[in-house]
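Spelled out from the first residue to the last, the chains are:
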Protein chains: 2
Amino acid sequence: MKLGAIEAGGTKFVCGIGTEDGTVIERTSFPTTTPEETMAQVFQFFEGKGVEAIGAGFFGPIDPVIGSPTYGSITTTPKPYWSNFNVVNALKGRFDVPVGFDTDVNGAALGEYTLGAAQGLDSCLYITIGTGVGAGAVVGGKLVHGLSHPEMGHILVRRHPDDKYEGTCPYHKDCLEGLAAGPSLGKRWGTAGAELTPDHPAWDMEAYYLAQALMNYVLILSPQRIVMGGGVMKQPQLFPLVRTKLQELLNGYVPHPSLSEGIEQYIVPPQLGDNAGLCGALALGKLAAEEA
Amino acid sequence: MKLGAIEAGGTKFVCGIGTEDGTVIERTSFPTTTPEETMAQVFQFFEGKGVEAIGAGFFGPIDPVIGSPTYGSITTTPKPYWSNFNVVNALKGRFDVPVGFDTDVNGAALGEYTLGAAQGLDSCLYITIGTGVGAGAVVGGKLVHGLSHPEMGHILVRRHPDDKYEGTCPYHKDCLEGLAAGPSLGKRWGTAGAELTPDHPAWDMEAYYLAQALMNYVLILSPQRIVMGGGVMKQPQLFPLVRTKLQELLNGYVPHPSLSEGIEQYIVPPQLGDNAGLCGALALGKLAAEEA
């Protein structure tokens, strides 16, 4: 099946043509400007390519709830011109194919679930720790939606006793994103995360926050695997620190092998690498085609 | 449809016969002793009643994951004799009908979803605050399972600056259950919760913990309604306190009417009242019959 994919960030759009196994045949990218200008470039890219469905992973907040009056639109983004723009209506007005629409992080979660590190399971959680913190989850084979999409990057965590940094989140100051996203690392230690040595105390504190988040995700969603990606997780020393701290926090409360001897296969890096965004969008397109 | 229902607690079993609309025709109860003795009483009650399916909501932890090698059993309970006892095998060995099996709190969540305060929606969360704290969730019309069932009562919360009480949880000390369950109220204030006046500062502190939990549930699961039950929630002053504190914590981050002008219809008491456990078990039985 030939699928169209859109990975839409606040800075740039990446568009691709690919297949349902995640192979990207062709790609392009251009800056995010106004909806009119940027969508015209999207239309031009897909025109005449014969795609059978399009998947779109977008910067949020969006309305991904099928049946809702504003389904398919970006809602209250601070990004100029895009508030209330309906992506699904725009795409369907131009191409007569099924359109899958979700947040970029939900797309990545679906990508890892169908094509990457969580294949063959019934549920998973994908978290990305980079400029911000975002997470998406698959439960019973479906992306989690309800009122809207999850915003798991903003859950509350306990402050580390040695942490004097106030936090970067404009809404909550010291929520998970406020304390653990890449920019917080740089501001707290006066040096960008990528420049800190692997034995710097920054990583222990970072793992302290991430393990708390994972504890709450495990207790609330009970996912069968947790995939951790994003720029901050390129520091491989974080994985063993997070695994150990999660076990300490749970203290044996959830008696499952994945949380004891199997934890190295439970908390894992992504498999889709630099194609994660486009693969996620392909997975959204494939799902839309199947559900059409 | 005539359904059998079992509400199994660590102290007593309640068994009932009812219909899929939640009507309980007949009920009985007996103490929880050994599996042999107690299940013999269950068998005797259902014998010859012509039930078409049985739903069982059990004290946990259990394995509710269909396809798992230990599906249908109680796993590592401290309750003597019941560890590794397989409830589903026992019931199916005696009655040739579909059996639905889940935790008591997941049963109650399904009950409120199909028959109670969250009817007609696609998702909901049910939380009970009593001797312990437990919660179950429906997402996309299905109860959340993954590795196992959720254990949402044990998530981490931030300690109130005025709270010197260490917490009751034997695993985590001051997790949500450790700080907010009924027994913690009694130990913290030296007076049982039911004896404290509605303007006592205990309720403000209680709401501080419950609102944190709800914030994390909203950000992780995005449920379309939250139903709050259990002995502690019989204090009606808690509802407005929890609603207001949740709004303060979210600080407008999730732009949905249910979290602003619609919050009184978003955070609500249960509708099933004293029949919640049996109605939940009936709902589990109905679901098992539908999926058989």
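Summary of the structure given here. What you see is a predicted model; the values in this text were computed from it and never measured. (Residues numbered from 1 in each chain as written. Chains lettered and ligands numbered in written order. Predicted model: local features only at pLDDT ≥ 70, side-chain atom pairs only at ≥ 80, totals over all residues. Heavy atoms only, no water.)

1. Remarks on the relation of the copies chain A and chain B
Each copy superposes on the other: chain A lies on chain B with an RMSD of 0.0 Å after a rotation of 180° and an axial shift of 0.0 Å. One copy is carried onto the other by what is essentially a two-fold rotation axis. Among all C-alpha atoms of chain A, that of arginine 158 of chain A lies closest to the rotation axis, at 2.8 Å. In this assembly, 100% of the residues forming the interface of chain A have copies in chain B that are likewise at the interface, indicating an isologous arrangement. (Least-squares fit on C-alpha atoms with pLDDT ≥ 70 in both. Contact = heavy atoms within 4.5 Å.)

2. Comments concerning the packing of aromatic side chains
By the definition in use, this model includes 28 aromatic pairs over all chains. Seen from their ring centres, tryptophan 82 of chain A and phenylalanine 85 of chain A are 5.5 Å apart, and the 85° between their planes marks the pair as edge-to-face. Side by side, tryptophan 82 of chain A and phenylalanine 85 of chain A carry an identical accessibility label, which is buried. Ring centres of phenylalanine 43 of chain B and phenylalanine 95 of chain B lie 6.0 Å apart, and the angle between their planes is 70°; on these two criteria the pair is classed as edge-to-face. Taken together, the positions of phenylalanine 43 of chain B in helix H1 (residues 35–46) and phenylalanine 95 of chain B in the loop between helix H2 (87–94) and strand S5 (99–103) put the pair 52 residues apart, joining distant regions of the chain. The exposure classification of phenylalanine 43 of chain B matches that of phenylalanine 95 of chain B, with both residues buried. An aromatic cluster of at least three residues, connected via ring pairs, comprises Phe13, Phe30, Phe58, Phe59, Tyr71, Trp82, Phe85 and Phe101 of chain A. Taking NZ or CZ as reference, lysine 49 of chain B lies 4.0 Å from the ring centre of phenylalanine 45 of chain B, over its face. (Phe/Tyr/Trp six-rings, centres within 6.5 Å; stacked < 30°, edge-to-face > 60°. Buried < 20%, exposed > 50% of the residue type's maximum accessible area, 1.4 Å probe, protein only. Helix = DSSP H or I, 4+ residues; strand = E, 2+ residues; numbered from the N terminus. Lys NZ or Arg CZ within 6 Å of the ring centre and 35° of its normal.)

3. Concerning helix H5 (residues 182–189) of chain A
All names here are of chain A. When we look at burial in H5, the residues that qualify are Gly182, Ser184, Leu185 and Arg188. End-on, the buried residues of H5 take up no more than an arc of 160°, which puts them together on one face. Where H5 is buried, its residues meet helix H4 (176–180) and helix H6 (201–221). (Arc of directions from axis to C-beta.)

4. A word on the sheet that holds strand S6 (residues 124–129) of chain A
Residue and element names in this part refer to chain A. The mixed open sheet is built from five strands, whose spatial order is S8-S7-S6-S9-S10. Across the chains shown, the open sheet's two edge strands, defined by having one partner strand only, are strand S8 (142–143) and strand S10 (267–268). With six bridges connecting them, S6 and strand S7 (residues 133–139) associate as antiparallel partners. Counterpart to isoleucine 127 in the pairing with S7 is alanine 135. In the packing of helix H3 (residues 104–115) onto the sheet, contacts are made with S6, S7, S8 and strand S9 (226–229), and the angle to S7 comes to roughly 50°. (Pairing = 2+ DSSP bridges. Axes fitted to C-alpha atoms, helices over the stretch in contact; angles between N-to-C directions.)

5. Concerning the side chain of histidine 160 of chain A
All names here are of chain A. Along the chain, the position of histidine 160 falls in the loop between S8 and H4. Overall, histidine 160 belongs to the buried group, its relative accessible area being 13%. When near neighbours in sequence (up to four residues on either side) are disregarded, histidine 160 contacts Met205, Tyr208 and Tyr209.

6. A few points about the side chain of serine 148 of chain A
In this structure, serine 148 of chain A sits in the loop between S8 and H4. Given the relative accessible area of 13%, serine 148 of chain A is considered buried. Those residues in contact with serine 148 of chain A that lie beyond four places of it in its chain are Ile62, Pro64 and Val65 of chain A together with Ser222 of chain B.

7. Some thoughts on the environment of alanine 117 of chain A
All names here are of chain A. Tracing the backbone through its elements, the reader meets alanine 117 in the loop between H3 and S6. The class of alanine 117 is buried, set by a relative accessible area of 6%. Remark: the alpha-carbon pair of alanine 117 and threonine 191, spanning 74 residues in sequence, is separated by 32 Å. Once you skip the residues sitting within four places of it in the chain, alanine 117 turns out to touch Glu112, Arg225, Val227, Val268, Pro269 and Gln271.

8. Overview of the pattern of salt bridges
Two side chains of opposite charge can pair, provided their charged atoms sit close to one another. All chains considered together, the criterion is met by 17 salt bridges over all chains. Across the pair arginine 188 of chain A and aspartate 163 of chain A runs a salt bridge whose closest N-O atoms are separated by 2.9 Å. Highlighted residues: arginine 188 of chain A in helix H5 and aspartate 163 of chain A in the loop between S8 and H4, separated in sequence by 25 residues. In this pair, the class of arginine 188 of chain A matches that of aspartate 163 of chain A, namely buried. Among the salt bridges present, the one from lysine 286 of chain B reaches glutamate 290 of chain B, with a minimum N-O distance of 3.6 Å. Of this pair, lysine 286 of chain B and glutamate 290 of chain B both sit in helix H9 (residues 276–291), four residues apart, which is roughly one turn of the helix. Among the charged side chains, a salt-bridge network with shared partners connects Arg158 of chain A together with Arg159 and Asp174 of chain B. (Salt bridge = Lys/Arg side-chain N within 4 Å of Asp/Glu carboxyl O.)

Keep in mind that these numbers describe shape and distance, not what the molecule does.
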